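Structural features, examined
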Amino acid sequence: MSRFEGKTVVITGASRGIGAAIARRFASEGAAVLLSANEERVVDVAAELTQAGGKAAGMLVDVSRKAEIVALYDEAERLFGRVDISIQNAGVIRISKIEDLSEEEWNGVLQVNTTGVFLCCQEAIRRMRKHGQGGRLINTASGQARQGFIYTPHYAASKFGVMGITQSLAKEVAKEGITVNAFCPGIIDTDMWAYNDAAWGKLLGDYKPGELMAEWVRAIPAGRAGTGDDVAKVVTFLASDDAAYVTGQTINIDGGMFMS
Ligand SMILES: NC(=O)c1ccc[n+]([C@@H]2O[C@H](COP(=O)([O-])OP(=O)(O)OC[C@H]3O[C@@H](n4cnc5c(N)ncnc54)[C@H](O)[C@@H]3O)[C@@H](O)[C@H]2O)c1
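Turning to the overall build of the protein chain, a few remarks are in order. In terms of helices and strands, the protein chain carries eight helices and seven strands. A compact globule built from 260 residues would reach a C-alpha radius of gyration of about 18 Å, and the protein chain, at 18 Å, matches this within 12%. Expressed as lengths along the three principal axes of its C-alpha atoms, the size of the protein chain is roughly 55 × 35 × 35 Å. Taking all 260 residues of the protein chain together, the buried fraction comes to 46%.

Structure below.
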């Protein structure tokens, strides 16, 4: 399949988990992909895609630093000529009781999950306007943009914020052929959930490793956790020509966990 032949994709948080799965799928469908993350292994993921015959490069970028974000989009244009699709996926979660949640921790989560998404969208729109042929912005929100979970007010606020950014920007750029959408993963089996299982398990009771996640997964109508590829299939749809008339939407990818 080559739905994305001739298109350039920039993606943050692509060193593992959901972001790496999205990058793999775009590369397998013909896109040139610039993967970024704040850890070196993103370069290895990019090399894996290149070895499999794809067009990819990896770059170390911390989305809490604006200058690094600007450099990321500069590099996409230098390597591949233009930016067509931008996936704002880098994210962090911290789980803390209110009495332990410092202002520093609050600001750190908002900086990456919300301000980082805004700055990447701003830079991507600037690049899409240069070629004037529209584009696709896709932002990673969370089930926590539907309902805040316990001990994570900062994370919930950050992901509700992503939904607000998505709706507001969608209205501003719609007539330029740029769509802006978001998606809400439910429980996807990644490193982030290994942390969630341990941290919520510790605060919510006497859980052994894996028990809390298993308990929460049992409540999902589909009866299983999601995979990165479950997410990547929806994201590539949103980035495709078939989704040209879909904008400002936030789509749940969660096996029915939330129905809104
Ligand atoms: N796994 C889930 O069930 C789940 C559920 C809801 C939302 N999400 C969201 O999906 C996204 C990806 O999550 P995941 O499960 O793959 O997590 P993960 O922890 O496996 O990967 C996180 C990625 O973000 C990158 N990252 C973190 N801080 C960064 C920073 N400051 N600058 C640049 N990159 C940074 C990491 O390097 C990594 O590539 C996140 O936004 C997360 O909030 C995940």
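Gly-13, Gly-17, Ala-90, Gly-91 and Thr-190 are the nearest of the 31 residues found near the ligand. Secondary-structure elements contributing two or more residues to the shell around the ligand are α1 (17–28) and α6 (191–204). Across the shell around the ligand, the residue classes break down as 14 nonpolar, 13 polar and four charged.

With that settled, consider unusual backbone geometry. Backbone geometry places Tyr-151, a non-glycine residue, at a positive phi of 65 degrees. Mapping Tyr-151 onto the fold places it in the loop between β5 (135–140) and α5 (153–173).

Further remarks concern the pairing of strand β6 (residues 178–185). Counting buried residues along β6, eight of its eight residues qualify, which places the element largely inside the surrounding structure. Pairing of β5 with β6 involves six bridges; the strand directions are parallel. Residue pairing across strands places Thr-140 opposite Phe-183, the latter belonging to β6. For the segment spanning β5, α5 and β6, crossover handedness is right-handed.

This part is about the sheet that holds strand β4 (residues 85–88). Sheet architecture is open: seven strands sit in the order β3-β2-β1-β4-β5-β6-β7, paired in parallel fashion. The open sheet has two free edges, formed respectively by β3 (55–60) and β7 (250–253), since each of these has just one partner strand. Each adjacent strand pair in this sheet contributes to an overall mean axis angle of 20 degrees, direction not counted. The pairing of β4 with β5 spans four bridges and is parallel. The partner of Gln-88 across the bridge, within β5, is Asn-139. The strands touched by α1 are β1 (8–11), β2 (32–37), β3, β4, β5 and β6; relative to β2, the strand with the most contacts, the crossing angle is about 170 degrees.

Conventions we followed
- Residues numbered from 1 in each chain as written.
- Predicted model: local features only at pLDDT ≥ 70, side-chain atom pairs only at ≥ 80, totals over all residues.
- Helix = DSSP H or I, 4+ residues; strand = E, 2+ residues; numbered from the N terminus.
- Rg over C-alpha atoms; globule rule 2.2 N^0.38 Å.
- Buried ≥ 20, exposed ≤ 12 C-beta atoms within 10 Å, placed from the backbone.
- Near = placed C-beta within 6 Å.
- Nonpolar A, V, L, I, M, F, W, Y, C, P; charged D, E, K, R; others polar.
- Pairing = 2+ DSSP bridges.
- Right-handed = clockwise from strand over helix to strand, strands pointing away.
- Axes fitted to C-alpha atoms, helices over the stretch in contact; angles between N-to-C directions.
- Contact = placed C-beta atoms within 7 Å.

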